[in-house]
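# Observations on the three-dimensional arrangement
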Amino acid sequence: MSASPPDPAATASPLSAPRDPQLRRMADAIRVLAMDAVEQAKSGHPGMPMGMADAATVLWSRFLKFDPAHPAWPDRDRFVLSAGHGSMLLYALLHLTGYPEMSLGELKRFRQLGSRTAGHPEYGHAPGIETTTGPLGQGLANAVGMALAERLLNARFGDDLVDHYTYVVAGDGCLMEGISQEAISLAGHLRLGKLIVLWDDNSVSIDGSTALATSEDQLERFTAAGWDSVAVDGHDPEAVAAALTRAQETELPSLIACHTTIAFGAPTKAGSAAAHGAPLGAEEIAGARRRLGWTEPPFVIPGDVARWWQAVGARGAAQEAAWRSRLEAAPEALRAEFERRSSGALPPGFDAAIAGIRAKFAAEARKLATRQSSGQVLDALVPVLPELIGGSADLTGSNNTKAKGQRVIAARDFLGSYLHYGVREHAMAAAMNGLAVHGGIAPYGGTFLVFSDYCRPAIRLSALMGLRVIYVMTHDSIGVGEDGPTHQPVEHLAALRAIPGLQVFRPADAVETAECWELALRSRHAPSVLALTRQAVPTLRREAGAENRSARGGYVLAEAGGKRQATLIATGSEVALALAARDLLAARGIGAAVVSLPCWALFDAQAPDYRAEVLGTVPRIAVEAASPFGWERYVGAGGTVIGMTGFGASAPAEDLFRHFGFTAEKVAEAAERRLS
């Protein structure tokens, strides 16, 4: 008879006696729920929740201000799990503290279709999930935006209504990602003292030890960026508590390096990469339960531990009630403005401001770059829309993103509404997501369209979360001119249009630019890109009217004047070319209608009858100084697209448009060929 295999728990070194047995038991509840959920799903990451359970228990039980009964309380502390792969840490905490929608049943359905407990935390799936994380570093940069939002709103509404912290749990991967450097540099520069990051310093990555890939001194790195940095034993509750107390007292953002053991308690996989991204297995879990002294079956929490956690969840009710009383006692105008901004509703003066700037553009009929038109829209909106928080990645004068008289945000001065993000496109985009999910802020930020590549991961998350974030992307084509192909976007419009839920606007003139700004701001659950020209374009719409014609995504700008024989479709600066081609065709006896298509996503959402009426049944020719990819849906089989099939070149813009065939004559010739 063969001998039984040795018990993993018996061969593992014994766990040290906890300094605080109650806190250890509370932390162990997180550990077992993480082990059990991942094992049941046969998928997930148990190691991080098990390693950070002690530090998280200290944070949530002694420091975090929250109320499960009022999860959207505006003055709650924000908790961001930047290391989103460890999502069971967050789900377990939400369940144990009594968030009604995070039931035990949801934990048992971890990573299953339709559950609230997705593989990585998803904003909107359940209260208490403050932002979508998983792509490493994004949560950390979101948190910079959240902490900035707190300071901005505090400067306007005071300590009685806005005074909270933003806490982050970040992993080694978060700090390796390049976005982390942009984010920590910006936070340090702004001295965001209510931002506190707990780094799960377990020295383990998927490939093995982090020593395989990095040898940085993270504490020195953060210190150099203007942070207060300290290292503690992440399994020592009093050390973690002392570090959190210190972090709350400093005026600098804080890094707390929590030295932890990944999969703490597991008999053979603790401290190893084997515990990072796979279930521990039944034998290892059984051994961990014996080491932890946890005798309950899967998903069962002992009564005393459940009561301790329930008391933690109940603690915030008095704080929320006191805040509610302060809000009700606030001056009526202040309270009404706070509630409006928290709801995301636009102010009463918005409609008049938009109508006024549209009428101005139509009456003046000036030739302006749409980036300049956008700047004038901001001049009109910023005074009536105090929640607008703008900025640029070191391209303010080029993007035209700073309104006249707009005050600059600076460390210790958060009364401004314009931020110089520096050359940090990725952090800018991710911080804007944080500003938006925090609430009370409508963020916009600018860079060149070609640099949307630097922003793309954050833009994708804007769309995934359904956030009102506005990306002002100027220099939208070969019209960039002499800077050449490195700065001339070609494939970028197609790439952005491919992101589900993202509204990509490319307005043709000043009036459409105002309309697109209106649509972006009214879209409370969708991000928008405004692709704007460097070069001047004529005002094509001379009658502003009451209707926002861009709202349907596309419309007939000019009818054929007789029988329609062709439809010319264009966006942005090429709409003027299409109109000129229409005139050439008319002189040759060919009736052509011109369709402006500023937003594909909105046009695609219209009824089929409307789309068919706009496009017509005649041959269609599309023109856009960008990749032709995707245009086939509008021109149909055998249709013609005049676009960029390669990169641009360095030359004056007008020379480039001629060289690459973007002229009225070329558009007219294409129409004639289709009709021959």
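Residues numbered from 1 in each chain as written. Predicted model: local features only at pLDDT ≥ 70, side-chain atom pairs only at ≥ 80, totals over all residues. Heavy atoms only, no water.

### As for the pairing of strand β9 (residues 388-392)
Heads up, the rule is: Categorising residues by exposure relies on relative accessible area from a 1.4 Å probe, with only protein chains included: less than 20% of the type maximum marks a residue as buried, more than 50% marks it as exposed, and the intermediate range marks it as partly exposed. In this text, helices come from DSSP runs of H or I with a minimum length of four residues, and strands from runs of E with a minimum of two, each type numbered from the N-terminal end. Strands pair, by our definition, only if DSSP identifies at least two bridges between them.
The buried fraction of β9 is high, at five of five residues. Burial along β9 is two-sided: Leu388, Gly390 and Ser392 and Ile389 and Gly391, pointing in opposite directions, are all buried. Of the strand pairs in this sheet, β9 and strand β11 (residues 442-448) are connected by three bridges, and their pairing is parallel. The partner of Ile389 across the bridge, within β11, is Pro443. Here β9 runs beside strand β10 (residues 418-420); their pairing, made up of three bridges, is parallel. Bridged to Ser392 within β10 is His420.

### Observations concerning the packing of aromatic side chains
Operational definition: To pair, rings of Phe, Tyr and Trp, with the six-membered ring standing in for Trp, must have centres within 6.5 Å; the planes then decide the type, stacked if under 30 degrees apart, edge-to-face if over 60, and tilted in the middle. Two conditions define a charge located above a ring, namely a distance within 6 Å from the ring centre to NZ of Lys or CZ of Arg, and an angle within 35 degrees of the ring normal.
Under the counting rule described, the total for this entry stands at 17 aromatic pairs. Arranged with centres 6.1 Å apart and planes meeting at 80°, the rings of Phe657 and Phe662 form a pair that is edge-to-face. Judged by relative accessible area, which is 12%, Phe657 ranks as buried. Here the aromatic residues Trp600, Phe603, Tyr610, Trp631 and Tyr634 are joined through ring pairs into a cluster of three or more. Positioned above the aromatic ring of Trp600 is the side chain of Arg497, whose terminal nitrogen or guanidinium carbon lies 3.9 Å from the ring centre.

### Concerning unusual backbone geometry
Non-glycine residue Ala263 carries a positive phi angle of around 60°. Of note, Ala263 is situated in the loop between β7 (254-259) and α11 (282-292). Phi is positive for Phe299, which is not a glycine, with a value near 65°. With relative accessibility at 7%, the residue Phe299 sits in the buried group.

### So, the sheet that holds strand β1 (residues 78-81)
The test is simple: All axes here are fitted lines through C-alpha atoms, helices being fitted over the stretch that makes contact, and every angle between N-to-C directions spans 0 to 180 degrees. In what follows, residue pairs with any heavy atoms lying within 4.5 Å of each other are defined as contacts.
Strand order in the open sheet made by the five strands is β1-β2-β3-β7-β6, with parallel pairing throughout. One side of each edge strand has no neighbouring strand; the edge strands of this open sheet are β1 and β6 (228-233). Neighbour-to-neighbour, the strand axes of the sheet open up by a mean angle of 20°, direction not taken into account. Here strand β3 (residues 195-201) pairs with β7 via six bridges, running parallel. Its bridge partner being in β7, Ile196 is matched across the sheet by Ser254. The sheet strands contacting helix α10 (residues 237-249) are β2 (166-170), β3, β6 and β7, and the helix crosses β6 at an angle near 170°.

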